[in-house]
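Below, each chain spelled out in residue letters.
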Amino acid sequence: MNSPFFFVAVVAGLGLAGLLFWALRGASQREGHEHGLGALDKAPRDLNNMPQIRQSMDPADFEFAKAKGGRYLENRLRRERRNVALLYLAAIRRDFEHSLRVARVIAVLSPEVLGSHEYERIRLAMIFRWRFQMTKARLLIGIIPQPQLLTVWQMAASIAMQMEETMAKLGERAALAAELALQSEQ
Amino acid sequence: MSQLPTLILITWGLATALTLFLLFRMLLLARYRTYPLFTLYLIANLLQTVVGIYLYQSYGFTTVNGYRIGWTTQAFVVVARGFAAAEICYRILGRYKGVWALAMRILIACGAIVLISTVYFGTRNYRLAVITLDMSLEAFIATWIVGLLLFARYYAVPVEPANRMISLGLGLLSCCKLLNDLVFERHVQAYLGTWNYVSSAAFVCVLLLWNWAMREPVTHTVREPQLNPAQVYHSLIPQVNQRLLELNQQLSQFWNTESSKP
């Protein structure tokens, strides 16, 4: 056995053991899909505050603060509103993750799952998380990207609404099926 | 048998006693119905011990015959453990037909890649070839178990405590044996004694874990899930993926565009 393979194999073995504990810890901490179904009932709450966030980042506001209270007031306002924008970005992410969780529940409860769809979703979610961190970093260094934040919000809200519509349809179908079953029993 | 160090004999004896106790418990609580392949694996372990005792008493610990027959029985035990791992995988994910079908394909592919690469890159020395094969099978089982738990974590699939403990034991045992075999292959003579200690001690620890997992009868079982119609997934998931793609594109534009300060 050559040395590179030995070291790669040892690292892989240790990595597998680490992954085993990590995956097991997650499996024991997370609630099962039956509890996860509760997530379907919880509509995202954070996506309804976008108008206020947009207002808080209006350049006219900063100009007004600068004219009335000077540069100190403008800087303070900018800093505080940037913090609010960061909090809101985090809320958008939470809502986005909620939508992803719903998608996972749908996948678990489906008799047929396509690998390509699942792979694509995992890949996109990873890219989203990476870019989200980059966006957050830009906000942290002082850039307030109002139009882009609005776009992020629209996308997250769109997914959430679509999910809600589909879950409502599923609920209707389930109710209809239950009713038909009841009728056939009678 | 007298050639073997006392500590090795003690761990063997302990492992045999724990295996017998576990089997007895499984029979008493009728758990063998739930885990038939796992029960077979435990029986295979006991049979290996019986063969080992006979073998080392008849041929001694360092003879060629002892080596050959000992490793042949080991092959059966590892294969039996592989089946037990597959059984646990099915017990955890089997209820979810779609996820199970996906997981099975991915896990078989990953396991096969690991198995083939270990055989390919491992030592081809005649005497150590059997260790390489053992190592590749252990790597295959470990990959399966870790992959299974990753799937369960990702899809938030509920895992019963007994299944969790058994899978943890199978995964840990395979990882330990894999690392043990790797070090053994590299430092054959110097490591032989330690290899035996580590192997036996790991098995005893895992048996304790399994005994703990089987301490009580099953009080409740996870209900069979009611699956959605197939078209729900096919209509919804591509749309979600499309939205995610658009969102990523927006984020990408966001990153590339120089934002103007208000």
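Computed from a predicted model, the values in this text were never measured in an experiment.

What counts, and where the lines are drawn
- Residues numbered from 1 in each chain as written.
- Chains lettered and ligands numbered in written order.
- Predicted model: local features only at pLDDT ≥ 70, side-chain atom pairs only at ≥ 80, totals over all residues.
- Heavy atoms only, no water.
- Helix = DSSP H or I, 4+ residues; strand = E, 2+ residues; numbered from the N terminus.
- Buried < 20%, exposed > 50% of the residue type's maximum accessible area, 1.4 Å probe, protein only.
- Contact = heavy atoms within 4.5 Å.
- Areas by Shrake-Rupley, 256 points an atom, 1.4 Å probe, with all protein chains shown as cover.
- pLDDT = per-residue confidence, 0-100.
- Core = buried A, V, L, I, M, F, W, Y, C linked by side-chain atoms within 4.5 Å.
- Salt bridge = Lys/Arg side-chain N within 4 Å of Asp/Glu carboxyl O.
- 1 Å grid on protein atoms, 1.4 Å probe; cavity = no way out; pocket = protein on both sides within 12 Å on 5 of 7 lines; lining within 4 Å.
- Points joined across faces, edges and corners; volume = space filled by probe spheres on them.
- Nonpolar A, V, L, I, M, F, W, Y, C, P; charged D, E, K, R; others polar.
- Phe/Tyr/Trp six-rings, centres within 6.5 Å; stacked < 30°, edge-to-face > 60°.
- Axes fitted to C-alpha atoms, helices over the stretch in contact; angles between N-to-C directions.
- Parallel < 35°, antiparallel > 145°, perpendicular 65-115°, else oblique.
- Expected span 1.5 Å × (residues − 1).
- Left-handed = near helix turned anticlockwise from the far one by under 90°.

Focus on the overall build of chain B
A count of helical and extended segments in chain B gives 8 helices and 0 strands. Put simply, chain B runs from its N terminus to its C terminus through helices and strands in the order α-α-α-α-α-α-α-α. Expressed as a percentage of the 262 residues in chain B, the buried residues total 48%. A fraction of 77% describes how many contacts in chain B between residues 6 or more apart in sequence connect residues 24 or more apart. Surface exposure of chain B reaches about 12700 Å², of which carbon and sulfur atoms provide 66%.

Some remarks on the confidence of the model for chain A
Residue and element names in this part refer to chain A. Mean pLDDT over chain A stands at 71; residues scoring 70 or higher make up 60%. Mean pLDDT per element in chain A: helix H2 (residues 33-36) is the minimum at 47, and helix H1 (residues 3-29) is the maximum at 81. Confidence drops under pLDDT 50 across residues 32-41; counting only partners more than four residues distant or on other chains, this segment forms 17 contacts.

Here we look at the nonpolar core
In terms of nonpolar packing, the biggest core is built from 68 residues, with Phe38(B), Tyr41(B), Leu42(B), Leu93(B) and Trp210(B) touching the most fellow members. Within the second largest apolar cluster, 10 residues are counted, among which are Leu86(A), Phe96(A), Ala125(A) and Phe128(A).

Here's the deal with the pattern of salt bridges
Following the criterion strictly, the structure yields 5 salt bridges over all chains and no others. The residue Asp61(A) makes a salt bridge to Arg81(A) at a minimum N-O spacing of 2.7 Å. For Asp61(A), a relative accessible area of 22% gives the class partly exposed. The closest approach of N and O atoms between Arg81(B) and Glu138(B), which form a salt bridge, is 2.8 Å. Residue Arg81(B) is found in helix H3 (residues 64-93), and its partner Glu138(B) is found in helix H5 (residues 129-154); the two are separated by 57 residues along the sequence.

A few points about the layout of surface pockets
As a volume, the second largest pocket reaches approximately 640 Å³. Lining the second largest pocket are 26 residues, and of these Ile122(A), Gly147(B), Leu150(B), Phe151(B) and Tyr154(B) lie nearest its centre. If you list the elements that add at least two residues to the lining of the second largest pocket, you get H1, helix H5 (59-108) and helix H6 (115-140) of chain A together with helix H4 (97-121) and H5 of chain B. Of the residues contributing to the lining of the second largest pocket, the split by class is 17 nonpolar, 3 polar and 6 charged.

Points about the packing of aromatic side chains
Residues and elements named next belong to chain B. With the rule as written, the count across this model stands at 9 aromatic pairs over all chains. Taken together, a centroid distance of 6.3 Å and an interplanar angle of 40° make the contact between Phe-38 and Tyr-41 tilted. With a gap of 3 residues between them, Phe-38 and Tyr-41 both fall in helix H2 (residues 36-58), about one helical turn apart. Residue class for Tyr-41 comes out buried when judged on its relative accessible area of 1%. Ring pairing ties together the aromatic residues Tyr-35, Phe-38, Tyr-41 and Trp-210, which thus form one cluster.

Quick look at the packing of H3(B) against H4(B)
Residue and element names in this part refer to chain B. The geometry of H3 relative to H4 is characterised by a closest axis approach of 9 Å and an angle of 150° between their N-to-C directions. If you check the angle between H3 and H4, you find them roughly antiparallel. When H3 is examined against H4, the residues Ala-86, Cys-89, Tyr-90 and Leu-93 are found in contact with a partner set consisting of Val-99, Trp-100 and Ala-103. Residue classes in the contact of H3 with H4 are distributed as 7 nonpolar, no polar and no charged.

With respect to H2(B)
Residue and element names in this part refer to chain B. Over its 23 residues, H2 runs 33 Å from end to end, which matches the ideal 33 Å to within 8%, given 1.5 Å per residue. Taken residue by residue, H2 has Phe-38, Thr-39, Tyr-41, Leu-42, Ala-44, Asn-45, Leu-46, Gln-48, Gly-52, Leu-55 and Tyr-56 as its buried positions. At the exit of H2 stands Gly-60, carrying a positive phi of roughly 95°.

Some details on the packing of H5(B) against helix H6 (residues 161-186) of chain B
Residue and element names in this part refer to chain B. Contact geometry for H5 and H6: axes closest at 8 Å, N-to-C directions at 145°. You can see that H5 and H6 cross each other, and the crossing is left-handed. For the pair H5 and H6, contact is made by Ile-131, Thr-132, Asp-134, Met-135, Glu-138, Ala-139, Ile-141, Ala-142, Ile-145 and Leu-149 and by Ser-167, Leu-170, Gly-171, Ser-174, Cys-175, Lys-177, Leu-178, Asp-181, Leu-182, Phe-184 and Glu-185, respectively. For the contact of H5 with H6, the class distribution of residues is 12 nonpolar, 4 polar and 5 charged.

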